[in-house]
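A structural walkthrough
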Amino acid sequence: MTQQDIRPPVHIPSRPLERAGTERDEPARTEPGRVRRPLISYVLPVYNEQDGIAAFHAELTAALDGRPDLDAELVYVNDGSSDGSLALLTALADKDDRVKVVDFARNFGHQIAITAGLDLATGDAVIVMDTDLQDPPRVSLELVDAWRQGAEIVHARRRSRQDTLFKRGTAHLYYRVLRSSTDVDIPLDTGDFRLLDRRVADELRKYRERSRFVRGIVASMGYRQSEVAFDRDERFAGETKYPLRKMARLAVDGVTSFSTAPLKMITRLGFVVLALSLAGILYALAMKAFRPDITVSGWTMLMVVTLFLGGTQMLSLGVLGSYVGRIYSEAQGRPLYLVREVIGGPKADD
Ligand code: UDP
Ligand code: MG
C-alpha cells in the first residue's frame, strides 16, 4: 500500500475496506433491507496467560453477547508462549469461528504482537487490549460507542490502577517526562488499550519501524481522538510479563522514537563545554602572563590543549549527533502525511 492509495470517503461506521487476501465473507448481513452490523476486531496479545485466558475469553464474549448490534472478530496473537496458552487458544478457535489465532515462532514482544494483530484484523474498528483482564472487556464497548459517535481513535485512559506502588509511580512520572521531551501530544496514563477506526488502522500499518512504541505512533497520527476513562483492575492470574528490563526498554523506545532530544543535548553540552574551556584557556594564559612565579612550567600548554580539545570534541559530537538524528528519522520511513478522505473529483467505482 502506498500513500497514493487514497480511498473514497469512509463514513462512520465505515464499510470494511477491501484488502487483498483477507476477503471476509458476509453472509446474511448484506441481504436487502438489513443494515450491516459493524464488525469490531479485537487484537489480543497473549504471552504465557494460560491461567487467565479462559476467564478473559468468557468475559469478553459475555460482554459481546449483550451487544447484538455488533459483529466481532477476535485475533489472538500468541507471542511465543512457553506454557499451555496456544493449546487453549486453538481450542477456543475450534469452538468459536470469530476467533483467529496467530502463533508467533518465538517471543517478539508485546508491541510487535499488537502490530501483527493489526495486520490481520479486518474489522470496521479495531480494539487493542491486554488479555489479563486488566483492561475490562465491558469498557471496550464504551470505546465502540465513542467511535459510533464519530471518534476515529478512542483512548482508554486509566482513572485508577491497582498495580504496585512502584509501577504506578514510575508510570506516572514516565508519561510526564515523555510528554515534555517530545512534540507529540501523547495522552497521559493510557496504555495500549484503544480503539482505531479502520482508516486509522490501515494508516498505522504503514509504520514499519522495528523498535516501536505503538501508543506514541497512534497519538502522533492526528485524526479525531477521544478518551474514555476506566478503572484498571488487577491482573486476573499470573504475573506481569513486563519485568523492569522490558519496561525500561519500552520507556526508552518511547522517548527515542519521538524525539532526538538526547542527541540535541550533546550539542548543547558541547557549547557549554566549549565556552567553559575558553574561559579556562584565558585563565591559564592570564596566570602565565601575570603570575609566572606560581605557574608550574608546562601547565599552561597542557591546560590550553586539553580544554580546547575537550570543547571542540564535544561540539563535533553534537554535530555528528544532529546528522545521526536525521538519518534516524529517514530510516524510520514513516509516512509523510496521513489523509482522512479526499473530497470531490470523479466518483470512484465502489
Ligand atoms: N504480552 C505479550 N508479549 C510480551 C509481554 C506481554 O504479548 O512479551 C502481552 C500479555 O500477555 C498481556 C499484555 O501483553 O496481554 C500486557 O502485558 P502485562 O499484563 O504483563 O503488562 P502490564 O499490564 O503488567 O503492564
Ligand atoms: Mg497487565
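Here, the structure is the one placed above.
Summarised in this report is the structure supplied together with it. (Residues numbered from 1 in each chain as written. Chains lettered and ligands numbered in written order. Predicted model: local features only at pLDDT ≥ 70, side-chain atom pairs only at ≥ 80, totals over all residues. Heavy atoms only, no water.)

Before going further, it helps to spend a moment on helix α10 (residues 299-332). Within an α-helix, residues lying three or four positions from one another point in the same direction, as the helix has 3.6 residues per turn. For α10, built from 34 residues, the straight-helix expectation of 50 Å at 1.5 Å per residue is met to within 8% by its first-to-last C-alpha distance of 49 Å. Along α10, the residues classified as buried are Thr-300, Gly-311, Gly-318, Gly-321, Gly-325 and Gln-332. Where α10 is buried, its residues contact α8 (244-258) and α9 (261-290). Once α10 finishes, Gly-333 follows within two positions and takes phi at roughly 55°, a positive value. (Helix = DSSP H or I, 4+ residues; strand = E, 2+ residues; numbered from the N terminus. Expected span 1.5 Å × (residues − 1). Buried < 20%, exposed > 50% of the residue type's maximum accessible area, 1.4 Å probe, protein only. Contact = heavy atoms within 4.5 Å.)

What follows is about the site of ligand 1. Near ligand 1 you find 19 residues, and of these Asp-79, Asp-132, Gln-134, Thr-240 and Lys-241 are the closest. Here a nitrogen atom of ligand 1 and a side-chain polar atom of Asp-79 are 2.6 Å apart. Between ligand 1 and Lys-241 there is a distance of 2.4 Å, counted from an oxygen atom to a backbone nitrogen or oxygen. Here ligand 1, which alone exposes 530 Å², has 96% of that area covered by the protein. (Near = heavy atom within 4 Å. Polar contact = N/O pair within 3.5 Å; in protein donor to acceptor, adjacent residues only side chain to side chain. Areas by Shrake-Rupley, 256 points an atom, 1.4 Å probe, with all protein chains shown as cover.)

Regular strands have side chains that alternate between both faces of the sheet. The pairing of strand β2 (residues 71-78) with strand β3 (residues 99-103) spans 5 bridges and is parallel. Residue pairing across strands places Val-75 opposite Lys-100, the latter belonging to β3. For the handedness criterion, the β-α-β arrangement of β2, helix α2 (residues 85-95) and β3 is classed as right-handed. (Pairing = 2+ DSSP bridges. Right-handed = clockwise from strand over helix to strand, strands pointing away.)

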